Amino acid sequence: MPHTVGAADLFGFAAATTETHGVPAEDAGLLADTLVTAELSGHPSHGMLRLSGYLDRLANGATAAVAAPRTVSYNGAVLVVDGHDGLGQVLTAHTVAQGVERAHRHGISAVAVRNSGHFGTTAYFTRRAAEQGCVALQATNASPAMAPWGGREKRIGTNPWSIAAPSGCCGTVVMDIADTAVARGKIHHARERGEPIHEGWAADADGVPTTDPARAIEGLILPMAGHRGYAMSFMFDVLAGVLTGSAFGSSATARTGPPGAVASGIC
């Protein structure tokens, strides 16, 4: 029977199970908070359904339990960080903090991250920067989900991006979108609930539009705004994949667990 679980219980469960895989308590709490925040914000696509994928990657060593980010290039306002396959949330929090500190010092900053992983909603982290007085742009690439415009073979990810800006007494203005018609997690969420997806979200493996989430997962997610969404996703792959020295295009494939972000780009 369906039942309601409180946010505190969800947080405790996610943090505790993550800790059992050797993740430090503070880092496990951060991961749990991103999942619960997504649930409370009405984005279950980036909520608790993601937990098993993170744990799978920790269990088989694809993700390092203890993150050890290392600066590989530092030129004042510009920083390149190698995440050594740590948890994406931990690496992203680290680089946002670095970016904010350098922006306050230099007036602007750019931080590129390679060898990272899925980190939840992008807005979670751009909001952090905005709350510290910065306008933040963050982009990431992801494992293939979309075909080039007119094609039917997965070659490029959903490649989401977010911009957040402080607005004084009015709080923070945040935008967070994928370049596909829908975030991949929303299709997984629909399959989990046994519900059809909206027309225009996806196509099956033969390129035929479908409302069946299972066939969509085996097939393609369609770009937002037709060819424009594909072009935007391609260019964000250049920023978040090529520019950072990370995998990009069809080579940006998660080794296990649900597909997701593999490089965090510009902060």
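Residues numbered from 1 in each chain as written. Predicted model: local features only at pLDDT ≥ 70, side-chain atom pairs only at ≥ 80, totals over all residues. Heavy atoms only, no water.

Novice: Summarise the layout of surface pockets; cite the residues concerned and give the values.
Specialist: Computed from the structure, the largest pocket encloses a volume of approximately 580 Å³. As for the largest pocket, its lining consists of 32 residues, and the residues nearest its centre are His46, Thr121, Thr122, Ala123 and Asp176. For the lining of the largest pocket, the elements supplying multiple residues, two or more each, are helix H2 (25-40), helix H5 (122-130), strand S4 (136-142), strand S6 (172-177) and helix H6 (184-193). If one sorts the elements of the lining of the largest pocket by residue count, H5 sits on top with 5 residues. (1 Å grid on protein atoms, 1.4 Å probe; cavity = no way out; pocket = protein on both sides within 12 Å on 5 of 7 lines; lining within 4 Å. Points joined across faces, edges and corners; volume = space filled by probe spheres on them. Helix = DSSP H or I, 4+ residues; strand = E, 2+ residues; numbered from the N terminus.)

Novice: Tell me about the confidence of the model for the protein chain, and name the residues and values.
Specialist: Confidence along the protein chain averages 91 in pLDDT terms, with 94% of residues attaining 70 or more. Per-element mean pLDDT across the protein chain ranges from 43 in strand S10 (residues 261-264) up to 98 in H2. Predicted confidence for residues 255-267 stays below pLDDT 50, and this span has 69 contacts to residues more than four positions away or in other chains. (pLDDT = per-residue confidence, 0-100. Contact = heavy atoms within 4.5 Å.)

Novice: An account of unusual backbone geometry is requested, with residue identities and associated values reported.
Specialist: Peptide bonds are, in most cases, trans, and in most cases residues other than glycine have a negative phi. Positive phi values are uncommon outside glycine, yet His84 reaches one of about 50°. Inspection of the secondary structure puts His84 in the loop between strand S2 (78-82) and helix H4 (88-106). At Asn115, a residue that is not glycine, the phi angle is positive and equals roughly 55°. Within the fold, Asn115 resides in the loop between strand S3 (110-114) and H5. When its relative accessible area of 33% is taken as the criterion, Asn115 is described as partly exposed. (Buried < 20%, exposed > 50% of the residue type's maximum accessible area, 1.4 Å probe, protein only.)

Novice: Tell me about the packing of aromatic side chains, residues and numbers included.
Specialist: Pairs of aromatic rings are described using the distance from one ring centre to the other and the angle between the two planes. Applying the stated criterion across every chain, the model contains 4 aromatic pairs. Ring plane angle 65° and centroid distance 4.9 Å describe the contact between Tyr124 and Phe125, whose orientation is recorded as edge-to-face. Residue classification places Tyr124 among the buried residues on the basis of a relative accessible area of 13%. When its relative accessible area of 0% is taken as the criterion, Phe125 is described as buried. Each member of the aromatic cluster is reached from another via a ring pair, and the members are Phe119, Tyr124 and Phe125. (Phe/Tyr/Trp six-rings, centres within 6.5 Å; stacked < 30°, edge-to-face > 60°.)

Novice: Any details on the pattern of salt bridges? Residues and values, ideally.
Specialist: For side chains of opposite charge, pairing can occur when their charged atoms come near one another. Evaluation of the coordinates by the stated rule reveals 5 salt bridges. Residues Arg193 and Glu195 are paired through a salt bridge, measuring 3.3 Å at the closest nitrogen-oxygen approach. Taking the relative accessible area as the measure of exposure, Glu195 reaches 35% and is therefore partly exposed. Among the ionic pairs, Asp204 bridges to Arg215, the shortest N-O distance being 2.5 Å. Of this pair, Asp204 sits in the loop between strand S7 (202-203) and strand S8 (209-210) while Arg215 sits in helix H7 (residues 213-218), and the two are 11 residues apart along the sequence. A single salt-bridge network, built from bridges that share partners, covers Glu101, Arg102 and Arg105. (Salt bridge = Lys/Arg side-chain N within 4 Å of Asp/Glu carboxyl O.)

Novice: Outline the packing of H4 against H5, supporting the account with residue identities and numerical values.
Specialist: Two elements in contact, H4 and H5, have axes whose closest approach is 10 Å; the angle formed by their N-to-C orientations is 25°. Viewed along their axes, H4 and H5 adopt a mutual orientation that is roughly parallel. Note that H4 runs across H5; the crossing there is right-handed. Across the interface between the two elements, Gln89, Thr92, Ala93, Val96 and Val100 of H4 pack against Phe125, Arg128 and Ala129 of H5. A class-by-class count of the residues in the contact of H4 with H5 yields 5 nonpolar, 2 polar and 1 charged. (Axes fitted to C-alpha atoms, helices over the stretch in contact; angles between N-to-C directions. Parallel < 35°, antiparallel > 145°, perpendicular 65-115°, else oblique. Left-handed = near helix turned anticlockwise from the far one by under 90°. Nonpolar A, V, L, I, M, F, W, Y, C, P; charged D, E, K, R; others polar.)

Novice: For the sheet that holds S7, give the residues involved together with the corresponding values.
Specialist: The pairing of strands in a sheet happens through backbone hydrogen bonds and is either parallel or antiparallel. The strand order across the open sheet built from 3 strands is S8-S7-S9, with neighbouring strands paired in antiparallel fashion. Among the strands making up the open sheet, the edge pair consists of S8 and strand S9 (220-221). Sheet topology note: the S7/S9 ladder contains 2 bridges and is antiparallel. Of the residues in S9, the one forming a bridge with Ala202 is Ile221. (Pairing = 2+ DSSP bridges.)

Novice: Hey, could you go over helix H1 (residues 7-19) for me, with residue numbers and the actual values?
Specialist: Helix length check: H1 (13 residues) gives 18 Å between terminal C-alpha atoms against 18 Å at 1.5 Å per residue, within 8%. Buried residues belonging to H1 abut H2 and helix H3 (51-59). (Expected span 1.5 Å × (residues − 1).)

Novice: Can you tell me about the sheet that holds S3, naming the residues and giving the values?
Specialist: In space, the 3 strands of this open sheet follow the order S1-S2-S3, with mixed pairing throughout. Because the sheet does not close on itself, it has two edges, and the strands there are strand S1 (70-75) and S3. Strand-to-strand twist across the sheet, computed as the mean angle between neighbouring axes with direction ignored, equals 15°. Note that S1 and S2 share 5 bridges and pair antiparallel. If you follow Asn75 over to S2, its bridge partner there is Val78. Sitting on the sheet, H4 is in contact with S1, S2 and S3, with an inclination near 165° to S2.

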